[in-house]
Amino acid sequence: MLGVIIGITSVILIYSIGQGAVAFITNELSSFGTDYFQINPGSNQMSAIAGSNALSMEDYETLKGDTSITNIKEVSPFSMGSVNIDGNDVEDDALAYGVAQNAIDILRPDITYGEFITDEQDLNSEHVVVLGEEVAKKFFGEETSPVEESLNINNRTYRVVGVVSSSSVLAGGFLNNAIFLPISVLQDQITGEEALQEIDISVHDPEIINQTIEDVKTLLREEHQLKEDDEDDFRIQSAKDMLETTKTITSLLTAMVAAISGISLVVGGVGVMNIMLVSVTERTREIGLLKAIGAKERDILTQFLFESIVMTFIGGLTGIVLGISGAFLVSVVLHIPFIVSIPAVLLAVGVSAAVGILFGIYPARRAARLSPIDALQYQ
Amino acid sequence: MANREPLIQLENVKKCFPLADGEFYEALHGISLEIYEGEFVAIMGPSGSGKSTTMHILGALDVPSSGHYKLRGKDISLYTNDQLAEVRNREIGFVFQSFNLLPRITVLDNVERPMMYAGIKPTERTRRAMEALERVEIADKAENISNHISGGQIQRVAIARAIVMNPAIILADEPTGNLDTKMSEEIVALFTSLNKAGRTIVLITHEPDIAAHAKRIIRIVDGNIVSDAIHKK
């Protein structure tokens, strides 16, 4: 029965954790919204990390000025660089993002103090900075508004105009620990180049976002003078894509664990069969007596099959309780939603009963076919 | 008796068993006997005489290799396993020497079991089981687990189970073999009482003083009936 318990526990556990993880990520991605997609330079992750310069302010201007792709709502450029910050007797390095005002529609941060970067500040290349919450705490302490205070960033003085934060794990991870400058200032003062690390595009209608992505791809390929056989020198990914990828990975992992659990269930089933065979041997005289008082072969078969099913059913129920309890503990520790899938539970119940039938049938048939005389005389 | 149909008829019954070398061993050499309703018959014989084989055939646990076995006029010699099981359920009440009751369940559940296989409804089962337990004077032990009663009490419960379906015969195989003298006398007295009430009893025994309580003694030696006589007490 232990094999059945382990098998069912692991299926319930991994399914619940998987569903919880998908729900968590869906929730996180929805904090960004599914009405946007991002363009990154390089045909793959490695070339992006290697600092591909395939995206530039020209691309941004092209997309911003295009009127043919009517589903485009906003185009927001992102540039980034590492900076040294020094102020209030604290010094540290941080990641600085160069952004336009409309980045606020993509990032959707909570404005704790002040305001976000404005187009006017960008146009005038003002030395202003918006701090992520953790950066603000580090330099100015908690519960203190640093607006109008000054910081030295790469040995130049910047005025703090706002503090932003995000409660989302995904967004907060980078947002709370970064700083934001007008993109013109970052490119001019920090990176010294017009290469962009990202262009985010929001759309009016998320339902046709895939078509919009295709249209943008065509436009950029034209802009980059890529031939038909050339690979894209950029990558486009939507939040929807990320969610689908997450779901695919989770499904694969779940299927893999289910397969491993299946092995455990088979082992458990063999154990049940062995127990039942021993039981048939030990109860041979009992079977003889049952036949003597009128039990037919099917009565004996039914009785032993029922016992086998009850055994695996109890194992299955125990596995379900342990699986659900384990999933609850994991959800508390990992801060992901606790989800119990009723279809998974019902499937577990069905599988444990099926194991009982499958592995109980042979011992049950052996019991049913015993000769009553041989069984009565068994020592 | 001459005008009545016999309850049990064995007509030239032979029984052969296959041996390892491909030959056959003939345990019964064509025995014939008739038992009428209300009789109390003891079948005696030494070990290897064929009395157990005769009991197996009478109890529909086995079928003759040749010859006929008629029970209430029906030839059951060629019955299938399921048909024999039905015969055992409805027409035969077994009392064995040992291992008479199913362990881990109550006395009442044991007596109800044959009725369960016959498809009798639960309330009717309980009523008839309690009646049978009262008949053998052990109704107060109905809720006891069967492993928790004495040897003599076990035999009483086995008798209650044997009569609960109103079978054609009560077939008792060495029922006092594991009991002391006092308990043996009680059990035999119970059989006598049941017989007086009209039950047909066939007792297999090797003990002459137990067989002496029967009204008719059949002796089997080496697969043949050597004597079949009314016993004068």
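Note that the structure is predicted; figures quoted are calculated from it, not measured.

Draft legend 1. Broad picture of the sheet that holds strand 8 (residues 200-205) of chain B. Residues and elements named next belong to chain B. The strand order 6-7-8-3-9-10 describes an open sheet built from six strands, whose pairing is mixed. Where the open sheet ends on each side, the last strands, each with one partner, are strand 6 (92-95) and strand 10 (224-230). Adjacent strand axes in the sheet meet at a mean angle of 20° when their direction is disregarded. Bridge count between strand 3 (residues 40-44) and strand 9 (residues 216-221): four bridges; the pairing is parallel. Across the sheet, M44 pairs through a bridge with R219, a residue of strand 9. Strand contacts of helix 5 (residues 151-163): strand 6 and strand 7 (169-173), with the helix running at about 170° to strand 6, the strand carrying the most contacts.

Draft legend 2. Fine view of helix 3 (residues 57-65) of chain A. Residues and elements named next belong to chain A. Among the residues of helix 3, those classed as buried are D59, Y60 and L63. Projection of helix 3 onto a plane perpendicular to its axis shows the buried side chains occupying an angular sector of 100°, all on one side. For helix 3, the exposed residues set more than 90 degrees away from the buried face come down to E58 and G65. On its buried side, helix 3 packs onto strand 2 (72-87), strand 9 (198-203) and helix 9 (209-223).

Draft legend 3. Spotlight on helix 1 (residues 51-58) of chain B. Residues and elements named next belong to chain B. With seven of eight residues buried, helix 1 lies mostly within the body of the structure. Those residues of helix 1 lying buried are K51, T53, T54, M55, H56, I57 and L58. Downstream of helix 1 by one or two residues, A60 has phi in the positive range, about 60°.

Draft legend 4. Here's a closer look at the pairing of strand 10 of chain B. All names here are of chain B. Summarising the sheet, strand 9 and strand 10 pair through six bridges and their orientation is antiparallel. Along strand 10, the bridge assignment pairs I220 with I225. Hairpin connection between strand 9 and strand 10: a loop of two residues separates the two successive antiparallel strands, and D222 in this loop has a positive phi of roughly 50°.

Draft legend 5. Focus on the environment of S202(A). Residue and element names in this part refer to chain A. With respect to the secondary-structure elements, S202 resides in strand 9. For S202, a count of 19 C-beta atoms within 10 Å gives the class partly exposed. Each C-alpha atom, one on S202 and one on K73, is 5.4 Å from the other, the two residues being 129 residues apart in sequence. If near-sequence neighbours (up to four positions away) are discounted, S202 is found in contact with D35, Y36, K73, E74, D105 and I106.

Draft legend 6. Structural context of the interface of chain B and chain A. Every contact between the two is made by 17 residues of chain B and, on the other side, 13 residues of chain A. Top element by residues in the side of chain B that touches chain A is helix 2 (residues 81-91) of chain B. It accounts for six residues. For the side of chain B that touches chain A, the per-class residue count stands at eight nonpolar, three polar and six charged.

Draft legend 7. Layout of the sheet that holds strand 2 (residues 24-35) of chain B. All names here are of chain B. One open sheet accounts for four strands, arranged 2-1-4-5; its pairing is antiparallel. Each end of this open sheet is capped by a strand with a single partner; those strands are strand 2 and strand 5 (74-75). In this sheet, strand 4 (residues 66-71) lies alongside strand 1 (residues 8-18) in antiparallel orientation, the contact comprising five bridges. When the sheet's bridge partners are listed, I8 is paired in strand 4 with L71.

Draft legend 8. Representation of unusual backbone geometry in the model. All names here are of chain B. Not every positive phi belongs to a glycine, and N12 is a case in point at roughly 50°. When you line up the elements, N12 lands in strand 1. Here R104, not a glycine, exhibits a phi torsion of approximately 70°, which is positive. Along the chain, R104 turns up in the loop between strand 6 and helix 3 (107-117).

The rules we used
Residues numbered from 1 in each chain as written. Chains lettered and ligands numbered in written order. Predicted model: local features only at pLDDT ≥ 70, side-chain atom pairs only at ≥ 80, totals over all residues. Pairing = 2+ DSSP bridges. Helix = DSSP H or I, 4+ residues; strand = E, 2+ residues; numbered from the N terminus. Axes fitted to C-alpha atoms, helices over the stretch in contact; angles between N-to-C directions. Contact = placed C-beta atoms within 7 Å. Buried ≥ 20, exposed ≤ 12 C-beta atoms within 10 Å, placed from the backbone. Arc of directions from axis to C-beta. Nonpolar A, V, L, I, M, F, W, Y, C, P; charged D, E, K, R; others polar.

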